[in-house]
Amino acid sequence: MTAKPVATAARATVYGYPRQGQNRELKKAVESYWKGRATADALRETAAGLRRSRWQELVDAGIHEVPTGDFSYYDHVLDTSVMVGAVPARHRAAVGGDALDGYFAMARGTQDVAPLEMTKWFDTNYHYLVPELGPDTVFASDSTKQVAELKEALALGHTPRPVLVGPLTYLLLAKPAPGVVADFEPLSLLDRLLPVYAEVLADLRAAGAEWVQLDEPALVQDRTPAELSAAVRAYRDLGRATDRPKLLVASYFDRLGDALKALAATPVEGLALDFTDSAAANLDDLAAIGGLPGKRLVAGVVNGRNVWINDHQKSLATLATLLGLADRVDVAASCSLLHVPLDATAERDIEPQIRRWLAFARQKSTEVATLARGLAQGTGAIAAELAANRADLASRAGSALTRDPAVRARTAAITDTDGRRSQPYAERSAAQRAHLGLPLLPTTTIGSFPQTGGLRASRADLRAGRIDTAGYEGRIEDEIREVISFQEKTGIDVLVHGEPERNDMVQYFAEQLTGYIATQHGWVQSYGTRYVRPPVLAGDVSRPEPMTVRWTTYAQSQTSRPVKGMLTGPVTMLAWSFVRDDQPLGDTARQVALALRDEVNDLEAAGTPVIQVDEPALRETLPLRAADHPAYLAWATECFRLTTSGVRPDTQIHTHMCYAEFGDVVRAIDDLDADVISLEAARSHMQVADELAEHGYPREAGPGVWDIHSPRVPSVDEVAVLLRKGLDAIPAERLWVNPDCGLKTRGWPETRASLENLVAAARTVREELPAHNG
Ligand code: GLN
Ligand code: ZN
């Protein structure tokens with residue numbers, strides 16, 4: 001018998017698939033269970049049905065090895081906490097009472113206990129529940145869920161590969177439990193955690209798993225030598241067991257860097273690497289270490305987190321190079337398909353011309369299978385697919401739908417002065433003081449006021465044709481009048497119109513800009529049962545007409561106090577959308593920035609003296625590796641300045657960000673050259689103010705004094721205490737008084753009471769100021 005060429009074994013696989021089902025059946029089932037309208041058995045049955053159909057879809061697409069255990073009622077990191085027995089003390093009673101209810105208690109909290117904290121999964125918009133660990137954490141293995149799903153898939157005749165969050169990533173994502181000393185390092189628990197992983201692996205082997213995948217995306221971030229050697233120790237240790245399945249360690253979202261060589265030296269049988277975009281350097285790195293002799297390489301060549309068709313020619317070239325670098329090469333999407341919508345063919349309203357450029361989870365699975373077939377049988381076997389792929393790519397590259405010569409001419413003509421205010425900050429601020437005539441410690445809000453049921457009903461009425469556009473706009477104007485009159489009565493200094501016309505701060509603008517398209521069914525899990533439908537940036541961006549001017553000027557017509565115009569900034573407009581992959585992000589951002597610049601200038605021309613450009617996503621979009629930060633921050637800050645620099649010196653530019661930890665971006669925040677910034681600060685007791693002062697931040701700032709994440713009303717005293725703390729760091733001439741964030745999720749009762757207290761506190765503290773008394 002002659003040895004077969006390696007490629008004949010090439011298999012197609014993916015690491016995870018959307019959980020929700022075509023019509024978000026999972027969301028409905030889980031929420032019905034929460035409301036007591038469906039039994040646990042009904043929920044389990046729906047879930048099992050969804051798992052069956054996901055596997056069938058994958059197999060029908062030509063995927064050989066299907067993932068198991070990636071399905072989740074809520075979150076796979078929470079599932080991992082359950083698997084290793086890391087249940088916080090406050091949830092143990094609930095978990096002991098009923099495993100399912102206990103699970104949801106950890107996810108959502110109950111009347112009496114707080115849930116686990118939630119945060120973003122790397123640089124995606126998926127949120128996971130943060131493991132809470134401490135020196136007293138005792139791990140215990142519970143492989144029930146993993147084993148059950150493996151057996152389900154086996155019984156259906158599939159070739160399953162269980163997927164687990166790897167032990168390093170699990171610990172590196174964890175935080176010290178409340179009450180545990182802050183310098184406790186979860187990674188110090190590695191030796192306690194590994195035996196638990198070994199038990200789970202043994203259980204999976206016993207249940208019939210040949211391979212198990214351990215996801216270690218934390219290793220694509222900058223890691224210390226100690227963390228890297230912990231990784232080596234972990235996989236040496238797990239590799240030593242004799243009753244284990246073969247181990248595939250997967251990484252994605254960026255290059256592995258130093259971790260590649262470290263992992264290659266461990267006894268794991270396979271590595272899965274990302275070879276798309278920012279991770280493409282994995283290819284050279286792999287060659288540099290002499291490949292993975294004796295190991296399986298799973299090549300993530302189809303981008304698992306964008307919505308665009310793959311370039312097959314390019315992938316095949318990558319795969320051809322990889323063939324020489326490992327014992328066996330398989331084909332995959334670069335990461336779990338959890339981050340993309342389910343099926344592009346469901347998008348009947350998208351122009352067919354554009355739809356053929358889109359690939360969601362189903363289409364990506366087919367692409368992976370096609371490439372694996374090409375690799376195994378030669379490109380002749382996929383000639384038809386290659387021809388179609390070439391035609392689709394060519395139609396996109398040459399399409400007038402993606403390229404607008406006027407937009408391109410405009411971005412090409414951008415000069416350095418376009419991104420700079422005509423006067424330096426110090427001179428502007430004097431002009432603004434004269435123009436606005438505000439008191440010390442001016443009060444304002446972040447933009448939105450409560451989005452009441454009435455407003456949502458108006459939007460539904462408009463969609464259903466029960467009211468016409470004029471009727472809808474009348475309702476919006478009623479709301480604006482009410483919001484303005486409340487703010488005047490309460491004594492707020494810089495008013496807002498309240499954003500009643502906006503369903504979402506990105507979608508509202510995306511709907512009005514050319515170049516963006518909306519999906520009908522493009523749901524992506526944000527967290528738990530919350531799904532979002534990000535707009536898609538498909539072509540060159542321009543602004544046919546003003547987007548907010550009429551609402552802001554209407555608000556201004558109702559009051560003699562200054563009204564603040566309100567826009568979403570270019571970085572956030574990209575971060576919460578699917579971006580195009582056929583040009584650098586910075587180019588897309590510049591187009592968005594110019595469109596927003598027109599809006600800013602129109603607002604000013606219409607008499608708006610203060611304009612806020614929100615950039616809550618500035619920090620979350622930071623690349624995973626520090627080496628890539630400067631390039632990102634350069635275009636991000638340039639685009640903010642392009643948006644805001646077309647105005648007169650006496651027009652005041654505000655920005656807003658919703659987080660307290662901004663150490664890594666504080667320089668960039670200064671580079672935005674905004675006159676005023678508002679930030680979240682109430683929970684951290686104004687720590688932000690100290691940090692701004694430490695960095696010598698020279699501008700005006702409003703560290704939030706009301707935590708808007710809960711309905712709790714802060715007292716006048718509490719707010720005054722926070723303001724006095726703020727004054728220790730920021731002089732009175734530069735301190736603003738505002739809530740942490742927008743009020744759209746709050747109700748009117750607490751909004752009224754809290755803002756009244758906020759204004760009263762500002763007045764009290766103003767009177768204590770020397771300027772006031774002297
Ligand atoms: N202006 C927006 C609002 O108030 C800001 C929201 C945000 O920062 N996420 O709703
Ligand atoms: Zn905010």
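Residues numbered from 1 in each chain as written. Chains lettered and ligands numbered in written order. Predicted model: local features only at pLDDT ≥ 70, side-chain atom pairs only at ≥ 80, totals over all residues. Heavy atoms only, no water.

## Quick word on the coordination of the zinc ion (ligand 2)
And step 1. Taken together, the protein donors to the zinc ion (ligand 2) comprise His656 (NE2), Cys658 (SG) and Cys741 (SG), at separations of 2.0 to 2.2 Å.
And step 2. Bound by four donor atoms, the zinc ion (ligand 2) shows angles of 82 to 123° at the metal and therefore irregular coordination geometry.
And step 3. For Cys658, a relative accessible area of 28% puts it in the partly exposed group.
And step 4. Given a relative accessible area of 17%, Cys741 falls into the buried group. (Donors = N, O, S within 2.8 Å, 3.2 Å for Na, K, Ca; no water. Tetrahedral: all angles 85-135°; square planar, octahedral: opposite > 155°, others 65-115°. Buried < 20%, exposed > 50% of the residue type's maximum accessible area, 1.4 Å probe, protein only.)

## Regarding the pairing of strand E14 (residues 524-527)
And step 1. In terms of strand pairing, E14 meets strand E15 (residues 530-532) through three bridges, oriented antiparallel. The residue of E15 that forms the bridge with Val524 is Val532.
And step 2. Once E14 ends, the chain turns through two residues before running back antiparallel as E15, passing Gly528 with a positive phi of about 50°. (Pairing = 2+ DSSP bridges. Helix = DSSP H or I, 4+ residues; strand = E, 2+ residues; numbered from the N terminus.)

## Examining the site of ligand 1
And step 1. Close contacts around ligand 1 come from 13 residues, with Ser448, Glu499, Asp614, His656 and Cys658 the closest.
And step 2. Contact distances for ligand 1 include 3.1 Å between a nitrogen atom and a backbone N or O atom of Ile446.
And step 3. Here an oxygen atom of ligand 1 sits 3.0 Å away from a polar atom, N or O, in the side chain of Lys744.
And step 4. Protein chains bury 94% of the 300 Å² of accessible surface belonging to ligand 1 in isolation. (Near = heavy atom within 4 Å. Polar contact = N/O pair within 3.5 Å; in protein donor to acceptor, adjacent residues only side chain to side chain. Areas by Shrake-Rupley, 256 points an atom, 1.4 Å probe, with all protein chains shown as cover.)

## Regarding helix H12 (residues 312-323)
Since one α-helical turn is 3.6 residues long, residues separated by three or four positions face the same way.
And step 1. Over its twelve residues, H12 runs 16 Å from end to end, which matches the ideal 16 Å to within 8%, given 1.5 Å per residue.
And step 2. Of all the residues in H12, the buried ones are His312, Ser315, Leu316, Thr318, Leu319 and Leu322. Looking straight down H12, one finds that the buried residues subtend no more than 160° of arc, so they occupy a single side.
And step 3. The elements touched by buried residues of H12 are helix H11 (282-288), strand E11 (292-302), strand E12 (326-333), helix H14 (361-377) and helix H15 (383-397).
And step 4. Between a side-chain oxygen at the N-terminus of H12 and the backbone nitrogen of Gln313 the separation is 3.2 Å; the capping residue is Asp311. (Expected span 1.5 Å × (residues − 1). Arc of directions from axis to C-beta. Contact = heavy atoms within 4.5 Å.)

## Structural notes on the state of the cysteines
And step 1. As enumerated under the stated definition, the model contains zero disulfides in all.
And step 2. In this structure Cys639 is not part of a disulfide, and its nearest cysteine sulfur, from Cys658, lies 20 Å away.
And step 3. Since its relative accessible area comes to 0%, Cys639 is described here as buried. (Disulfide = S-S within 2.5 Å.)

## Notes on the layout of surface pockets
And step 1. In this structure, the second largest pocket spans a volume of roughly 840 Å³.
And step 2. Around the second largest pocket, the lining comprises 40 residues; the ones closest to its centre are Asp79, Tyr103, Lys145, Gln146 and Glu149.
And step 3. Broken down by secondary-structure element, the contributors of at least two residues to the lining of the second largest pocket are helix H2 (40-61), helix H3 (76-83), helix H5 (99-108), helix H6 (144-155) and strand E6 (159-165).
And step 4. Element by element, the count of residues in the lining of the second largest pocket is highest for H6, at six residues.
And step 5. Split by residue class, the lining of the second largest pocket holds 20 nonpolar, ten polar and ten charged. (1 Å grid on protein atoms, 1.4 Å probe; cavity = no way out; pocket = protein on both sides within 12 Å on 5 of 7 lines; lining within 4 Å. Points joined across faces, edges and corners; volume = space filled by probe spheres on them. Nonpolar A, V, L, I, M, F, W, Y, C, P; charged D, E, K, R; others polar.)

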